[in-house]
Amino acid sequence: MKILVFSDSHGNDIYMRKAIKMHPDAEAIIFLGDGIADFLSLPSDNSAKLYVRGNCDWHPSYSNIPLIDSITLNSKKIVFLHGHTHGVKGGSEQIKALAKDMSADILLFGHTHSLLSHYEDGTYYLNPGTIGGVGTAPAYGIITLRENGILLSHGTL
């Protein structure tokens, strides 16, 4: 199963649309906030679409969108959030505690606009960077769930 992960589009949905066209086999797309209107404007297709709001998604119409969510896919629990509520710009202690508290196999976060993927203490961590290309090349995350393991990678445009 292939999952695309986007964050921080900040008003620019062009690169999300381009990445989705490049990965027609993606079965799910997860958006980590800061551009929720961009994500909600994407055309419908057969992929599941999951999302949380970020610190820039302040419009009252988004107040019912969660800050943190989770889903289990292929027996792997994926916890996802924007990251501003857990101090990701100041360090990783809070998200590591969240991963442990929620028994996450995979924890996804954005907010920093920096690419990250690593494995630590039983949890895979992924920050897809910024799909909006804010201050850097547009980037996104790719999760591949297989029977024999989890593969995290990044794509850039």
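What comes next concerns the included structure. (Residues numbered from 1 in each chain as written. Predicted model: local features only at pLDDT ≥ 70, side-chain atom pairs only at ≥ 80, totals over all residues. Heavy atoms only, no water.)

## Side note on the nonpolar core
For soluble globular proteins, the rule of thumb is that nonpolar side chains tend to be buried together. Spelled out, the test is: Side-chain atoms within 4.5 Å are what join buried Ala, Val, Leu, Ile, Met, Phe, Trp, Tyr and Cys residues into a set we call a nonpolar core. Exposure classes here rest on a 1.4 Å probe applied to the protein chains alone. A residue is buried below 20% of its type maximum, exposed above 50%, and partly exposed in between. Secondary structure elements follow DSSP: runs of H or I no shorter than four residues count as helices, runs of E no shorter than two count as strands, and numbering proceeds from the N terminus.
Among the nonpolar cores identified, the biggest contains 17 residues, and I3, I30, I78, F80, L108 and I143 are the most heavily contacted of them. Contributing elements (two or more residues each) for this core: β1 (2-6), β2 (28-31), β5 (76-81), β6 (106-108), β9 (139-146) and β10 (149-156). Judged by nonpolar contacts, the second largest core, of 16 residues, contains I29, F31, I36 and L42.

## Some points on the sheet that holds β9
For clarity, the cut-off: Note on pairing: DSSP must find at least two bridges between two strands before they are called paired. Here an angle of 0 to 180 degrees is reported between the N-to-C directions of two axes, which are lines fitted to C-alpha atoms, with helices fitted over the stretch in contact. Any two residues whose heavy atoms approach within 4.5 Å are treated as being in contact.
Overall, mixed pairing links the 5 strands, which are arranged β3-β2-β1-β9-β10 in an open sheet. Each edge of the sheet is formed by a strand with only one pairing partner; in this case those strands are β3 (48-51) and β10. When the angles between neighbouring strand axes are averaged without regard to direction, this sheet yields 20 degrees. Sheet analysis places β1 next to β9, joined by 4 bridges and oriented antiparallel. Paired with I3 across the two strands is I143, which belongs to β9. Packing of helix α1 (residues 14-22) onto the sheet brings it into contact with β1, β2 and β9, and relative to β1 it is tilted by some 170 degrees.

## Here's the deal with the sheet that holds β6
The sheet built from 5 strands is open, its strands ordered β4-β5-β6-β8-β7 with mixed pairing. A strand with exactly one partner marks an edge of an open sheet, and here the two such strands are β4 (68-73) and β7 (115-120). In this sheet, neighbouring strand axes are inclined to one another by 15 degrees on average, regardless of whether the strands run parallel or antiparallel. Sheet topology places β6 next to strand β8 (residues 123-128); 3 bridges connect them, and they run parallel. When the bridges of β8 are listed, I106 appears paired with Y124.

## Re helix α3 (residues 93-101)
Defined as follows: Each direction from the helix axis to a C-beta atom contributes to the arc, which is the arc of those directions.
Buried within α3 we find I95, L98 and A99. Taken around the axis of α3, the buried residues stretch over an arc of 100 degrees, which confines them to a single face. Counted as exposed and oriented over 90 degrees from the buried face of α3: E93, K100 and D101. On its buried face, α3 is in contact with β4, β5, β6 and β8. Where α3 terminates, the next one or two residues include S103, which has phi positive at roughly 50 degrees.

## A look at the packing of aromatic side chains
Just so we agree on the cut-off: Stacked, tilted and edge-to-face pairs are distinguished by plane angle, under 30 degrees for stacked and over 60 for edge-to-face with tilted covering the rest, among Phe, Tyr and Trp rings (Trp via its six-membered ring) whose centres lie within 6.5 Å.
Counting across every chain of the model gives 4 aromatic pairs. Here F6 and Y140 contribute two aromatic rings whose centre-to-centre distance is 5.9 Å and whose plane-to-plane angle is 55 degrees, an arrangement assigned as tilted. A residue pair is termed long-range when its members are at least 10 positions apart, and F6 in strand β1 and Y140 in strand β9 qualify at 134 residues. Comparing F6 with Y140 shows no difference in burial state: the two are buried.

## Focus on the side chain of K2
Here is the rule we go by: A 3.5 Å cut-off defines polar contacts: any pair of N or O atoms within that distance qualifies, except that in protein one atom must be a possible hydrogen donor and the other a possible acceptor, and neighbouring residues in sequence count only when both atoms are side-chain atoms.
Structurally, K2 can be placed in strand β1. Here D25 takes part through its side chain, which lies 3.1 Å from a polar atom of the side chain of K2. The contact partners of K2, leaving out residues within four places of it in the chain, are H23, D25, A26, E27, A28, I142 and I143.

## A short note on unusual backbone geometry
In this structure, D34 is a non-glycine residue whose phi angle is positive, near 65 degrees. Take D34: it is sitting in the loop between β2 and α2 (36-40). On the accessibility criterion, D34 (3% relative accessible area) is buried. Residues other than glycine seldom take positive phi values, yet H113 does so here, at roughly 65 degrees. Examined against the element boundaries, H113 turns out to sit in the loop between β6 and β7.

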